[in-house]
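Observations on the model geometry
For reference, the chains in residue letters:
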Amino acid sequence: MSAIQKLAGKFIVIEGLEGAGKSTAIQYIQDWLALQGVIEQNIELTREPGGTTLAEKMREIVKMDVADEQLDDKAELLIMYAARVQLVEHKIKPALAADKVVIGDRHNWSSLAYQGGGRGIDLQLINDIKQVALGDFKADFTLFLDIEPELGLSRARGRGELDRIERLAIDFFNRSRAVFQQLTEQEKNAVCIDASQGFDQVKESIHRQLDIWLASL
Ligand code: T5A
């Protein structure tokens, strides 16, 4: 089977804290797919929360600062899943059914890490909500870009103003990071990339891990 055939209909997800370099890494994944012969028209890029017209509206809500009302942690969690359902049903599944490769900038693990680890919502409850919302749907391969929160946030700060979530205390991100690390250890089709490395080393690590994954398909 050719690489193009093996990659058809696969969902690759990139996860990590703010400033880990997820947007940058997506370009490296696209470069790698091009090396395998996958043409641009057969690649679909998504981001979470967001990625469809309605899901982008939900993204605005979770990023919004409202002076007289705080977004409840459970409301935040449910908005993440509402946005995810819209994205999966209206964009990701149709693209996979058309044999495209989908690259996701964040997916389900972000809710476990941020709303579970960070906010302290029970992980089993989140898994139950996930099951109701998405059933067994999951990524085929997950690349977790691991970075010290301080370094990631300083990179994110260099890009502009921090949003509502990015302004949370460092402990929040340490707890989120611990969940990401735990999930990576538990999942067979997931790898951890040291995102504190320079651009070239991160790119090389991602390409190497994708080569190994492709060989396993
Ligand atoms: N969220 C999301 C939840 O709480 N629960 C959920 O379920 C989901 C899905 C999304 C927010 O929502 C939360 C998490 C987030 O707080 P977002 O704006 O999409 O918000 O935030 P991020 O996904 O974190 O996006 P960022 O742009 O902050 O991070 P990236 O994409 O990881 O970083 P990137 O590639 O833009 O790089 C940041 C800067 O670092 C530089 C880049 O050039 C850029 O300037 N950089 C490097 N510098 C040095 N060395 C490297 N190796 C570098 N790689 C990148």
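Look up: the structure comes first, before these words.
In what follows, the accompanying structure is described.

About the thresholds
- Residues numbered from 1 in each chain as written.
- Predicted model: local features only at pLDDT ≥ 70, side-chain atom pairs only at ≥ 80, totals over all residues.
- Heavy atoms only, no water.
- Salt bridge = Lys/Arg side-chain N within 4 Å of Asp/Glu carboxyl O.
- Buried < 20%, exposed > 50% of the residue type's maximum accessible area, 1.4 Å probe, protein only.
- Helix = DSSP H or I, 4+ residues; strand = E, 2+ residues; numbered from the N terminus.
- Patch = residues over 30% accessible without salt bridge, like charges linked within 9 Å, V, L, I, M, F, W, Y side chains within 5 Å.
- Areas by Shrake-Rupley, 256 points an atom, 1.4 Å probe, with all protein chains shown as cover.
- Contact = heavy atoms within 4.5 Å.
- Arc of directions from axis to C-beta.

**Thoughts on the pattern of salt bridges**
As enumerated under the stated definition, the model contains 16 salt bridges in all. A salt bridge links Arg47 to Glu56; its shortest N-O distance comes to 2.7 Å. The partly exposed category is assigned to Glu56, whose relative accessible area is 24%. Across the salt bridge formed by Glu89 and Lys93, the nearest N and O atoms sit 3.2 Å from each other. Placement of the pair is Glu89 and Lys93 together in helix α4 (residues 73-97), with a separation of four residues, close to one helical turn. The partly exposed category is assigned to Glu89, whose relative accessible area is 37%.

**Description of a nonpolar patch on the surface**
Together, Ile61, Met64 and Val66 give the surface a local cluster of nonpolar side chains, amounting to about 250 Å² of exposed area. For Met64, the location among the structural elements is in the loop between α3 (53-63) and α4. What makes Met64 partly exposed here is its relative accessible area of 41%.

**What to know about the environment of Ala133**
Looking at the secondary structure, you find Ala133 in helix α6 (residues 123-134). According to the relative accessible area criterion, Ala133 is partly exposed, its value standing at 22%. Spatially, the C-alpha atoms of Ala133 and Val88 are 9.9 Å apart, while their sequence positions differ by 45 residues. Residue contacts for Ala133: discarding those within four places in its chain leaves Tyr81 and Val85.

**Re α3**
Looking at α3, one finds that the buried residues are Ala55, Met58, Arg59 and Val62. For α3, the buried positions fall inside an angular range of 110° around the axis, keeping them on one side. Exposed side chains of α3 directed beyond 90 degrees from the buried face belong to Thr53 and Leu54.

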